[in-house]
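Residue-level structure breakdown
Take a look at the letters that make up each chain.
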Amino acid sequence: MPSTAPFRTRSTLVKPTHVYAALLLAGALPAQAQFFGNSQGGTNFPQGAISFADAVVAFNPVVSGNSPSVPHQVPGSALGVPNYANQSNCTHTPQCTFVSLGQGGSLTLQFTDNLLTGSGNSQLDLWIFEVGTDVEDTSVEISSDGQQWFAVGKVSGSTRGVDIDAYGHGIHSRYAFVRLTDDPLEGSSSGHSAGADIDAVGAISSVAAVPEPATWALWLAGSAWLARRTRARRG
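Please read these numbers as outputs of a predicted model, since none were measured by experiment.

**Some remarks on the confidence of the model for the protein chain**
Low-pLDDT portions of the prediction should not be read for the details of their coordinates. Averaged over every residue, the pLDDT of the protein chain is 79; residues scoring 70 or more account for 66%. Confidence drops under pLDDT 50 across residues 8-30; counting only partners more than four residues distant or on other chains, this segment forms 51 contacts.

And the structure:
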């Protein structure tokens with residue numbers, strides 16, 4: 001059964017409506033290349049902290065194998081920038097900076113203020129921060145709508161990247177969802193953190209998310225109101 005652990009979104013990093021509009025008009029996210037990593041490594045993200053997954057869509061750590069202990073079943077720990085610092089075990093939920101998938105379990109995350117795209121070359125486009133000392137393969141899938149999924153290979157323990165161009169996706173592709181599934185035949189099948197341990201997921205190749213029409217209309221209405229108030233004060 002799916003976990004009842006509370007899902008959360010990285011709301012503090014979601015851009016307000018007027019920033020969305022500015023990004024849309026500019027046609028891309030502002031370039032703020034920055035290195036992000038944890039105690040096991042990392043890489044540069046051209047769009048900075050906005051590159052990382054913002055919301056949990058689904059989490060199912062209980063399949064046919066062993067599931068992780070409760071403190072390791074907080075899927076929101078995989079949101080935002082990586083922050084793993086060599087924790088071998090979490091006895092209390094606040095100490096867990098990663099989520100364990102469980103043997104054969106899965107986690108689906110969503111980008112809300114940006115979208116994953118291809119780079120048009122062989123560079124890595126998506127980075128999975130899988131942590132811990134046990135090497136555990138994780139299957140990676142991507143989707144634009146959360147319904148139709150495309151497999152883009154596996155990552156094999158620790159921090160690893162994926163080149164989605166190698167699977168037929170390019171610079172015109174746009175994906176909001178990433179699904180990670182633990183390979184039950186790899187790694188330890190028992191213990192507190194059974195299955196792959198995910199600290200963060202980031203889009204190296206990233207573009208701005210286009211706001212919904214209603215959101216865009218709301219921004220235009222607010223801008224018009226502010227302009228009228230400004231003119232009235234000046235008058």
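**Looking at the pairing of strand E2 (residues 41-45)**
Pairing geometry for strand E1 (residues 34-38) and E2, over five bridges, is antiparallel. For Gly37, the partnering residue across the bridge sits in E2 and is Gly42. Here E1 folds back onto E2, and the loop between the two strands holds two residues.

**Re the environment of Val207**
Within the secondary structure layout, Val207 lies in strand E13 (residues 206-208). In this structure the C-alpha to C-alpha distance between Val207 and Ile171, which are 36 residues apart in sequence, comes to 9.6 Å.

**Considering the side chain of Glu130**
Assignment of secondary structure puts Glu130 in strand E7 (residues 126-130). Despite its burial, Glu130 pairs with no opposite charge; the closest candidate is Arg160, at 8.1 Å N-O. Of note is the side chain of Glu130, whose polar atom sits 2.8 Å from the backbone nitrogen of Asp197.

Conventions we followed
Residues numbered from 1 in each chain as written. Predicted model: local features only at pLDDT ≥ 70, side-chain atom pairs only at ≥ 80, totals over all residues. Heavy atoms only, no water. pLDDT = per-residue confidence, 0-100. Contact = heavy atoms within 4.5 Å. Pairing = 2+ DSSP bridges. Helix = DSSP H or I, 4+ residues; strand = E, 2+ residues; numbered from the N terminus. Buried < 20%, exposed > 50% of the residue type's maximum accessible area, 1.4 Å probe, protein only. Lys, Arg positive; Asp, Glu negative; His and termini not counted. Salt bridge = Lys/Arg side-chain N within 4 Å of Asp/Glu carboxyl O. Polar contact = N/O pair within 3.5 Å; in protein donor to acceptor, adjacent residues only side chain to side chain.

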